[in-house]
Amino acid sequence: AQSVTQPDIHITVSEGASLELRCNYSYGATPYLFWYVQSPGQGLQLLLKYFSGDTLVQGIKGFEAEFKRSQSSFNLRKPSVHWSDAAEYFCAVGARAAGNKLTFGGGTRVLVKP
Amino acid sequence: EPEVTQTPSHQVTQMGQEVILRCVPISNHLYFYWYRQILGQKVEFLVSFYNNEISEKSEIFDDQFSVERPDGSNFTLKIRSTKLEDSAMYFCASLAMVTGELFFGEGSRLTVL
């Protein structure tokens, strides 16, 4: 069965500082990996995805993530955070073998200090 | 850009009432999904649907829930007799087979009183 762990429930970061959100997954085969962002009361917006190939993937809003198979991780990074990045971030894992069903992590809420 | 649309955006209902949440998936997509997010919690898979039948469902998706594709465009989630704990945001998604990417709608917030 697929599972996703986001170890950090909350992260507070100063505007302009770098941000890294951790994600660890468990899946027997090669997974599809995703990061979504959710602003309060809003839907899920896809930031980036990894299916295969280059393990460093670029997404929207200046985000990037790196797939590390040896660590079963897919951490999300942004070099310089903007106040508008305050939101909840969800990592998700899926696979064609699982009918492309996504399993989400518990989310990390990011607060941005001025 | 094509998108998944959901209606209503917010519905308030009394416990025990039936609710139907509607979704219009992206037109050439064939796999559809419903997910649920209880306030403050993670997004949970409910059901997947392909070729006019359920392909997988979670433990949450009990006999109170049903899904249907009544015509060529709509995909509905029905809750037969709502309970307080059904209060949540419900997300519909459809799958782009070529890329394996799920496209989510904006969600329908259900409040059961």
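Colleague: Looking at this structure, how should I read the overall build of chain B?
Modeller: Across its full length, chain B holds zero helices and 11 strands. Against the 2.2 N^0.38 benchmark of 13 Å for 113 residues, chain B shows a C-alpha radius of gyration of 13 Å, consistent with a compact globule. Expressed as a percentage of its 113 residues, the buried residues of chain B come to 46%. Across chain B, the fraction of contacts at a sequence separation of at least 24, relative to all contacts at a separation of at least 6, is 52%. The distance from the centre of the 9 positive side-chain charges to the centre of the 15 negative ones in chain B is 5 Å.

Colleague: Teacher, can you tell me more about unusual backbone geometry here?
Modeller: Among all residues save glycine, negative phi is the norm, and among peptide bonds the norm is trans. A cis amide bond links Thr 7 of chain B with the next residue in sequence, Pro 8 of chain B, at an omega value of -10 degrees. Along the chain, Pro 8 of chain B turns up in the loop between β1 (5-7) and β2 (10-13). Non-glycine residue Ser 72 of chain A carries a positive phi angle of around 50 degrees. When you line up the elements, Ser 72 of chain A lands in the loop between β8 (64-68) and β9 (73-78). Phi is positive for Asn 52 of chain B, close to 65 degrees, though the residue is something other than glycine. Following the sequence through the fold, Asn 52 of chain B ends up in the loop between β5 (43-50) and β6 (53-57). The class for Asn 52 of chain B is exposed, based on a relative accessible area of 58%.

Colleague: Honestly, the packing of aromatic side chains in this entry has me stumped. Any pointers?
Modeller: In this description, an aromatic ring pair is defined by two values, namely the gap between the centres and the angle between the planes. Tallied over the entire structure, the rule returns 21 aromatic pairs over all chains. Between Phe 63 of chain A and Tyr 89 of chain A, the aromatic rings sit 5.6 Å apart at their centres with planes inclined by 45 degrees, giving tilted as the arrangement. You can see Phe 63 of chain A sitting in the loop between β7 (56-58) and β8 and its partner Tyr 89 of chain A sitting in strand β10 (residues 87-94), a full 26 residues away along the chain. Here Phe 63 of chain A matches Tyr 89 of chain A in class, with each residue buried. Ring geometry for Tyr 35 of chain B versus Phe 45 of chain B: centroids 5.7 Å apart, planes at 70 degrees, classification edge-to-face. Of this pair, Tyr 35 of chain B sits in strand β4 (residues 31-37) while Phe 45 of chain B sits in strand β5, and the two are 10 residues apart along the sequence. Taken together, the aromatic side chains of Tyr 32, Phe 34, Tyr 36, Phe 51, Phe 90 and Phe 104 of chain A together with Tyr 33, Tyr 35, Phe 45, Phe 91 and Phe 104 of chain B make up a single cluster linked through ring pairs.

What counts and how
Residues numbered from 1 in each chain as written. Chains lettered and ligands numbered in written order. Predicted model: local features only at pLDDT ≥ 70, side-chain atom pairs only at ≥ 80, totals over all residues. Heavy atoms only, no water. Helix = DSSP H or I, 4+ residues; strand = E, 2+ residues; numbered from the N terminus. Rg over C-alpha atoms; globule rule 2.2 N^0.38 Å. Buried < 20%, exposed > 50% of the residue type's maximum accessible area, 1.4 Å probe, protein only. Contact = heavy atoms within 4.5 Å. Lys, Arg positive; Asp, Glu negative; His and termini not counted. Charge placed at Lys NZ, Arg CZ, Asp CG, Glu CD. Phe/Tyr/Trp six-rings, centres within 6.5 Å; stacked < 30°, edge-to-face > 60°.

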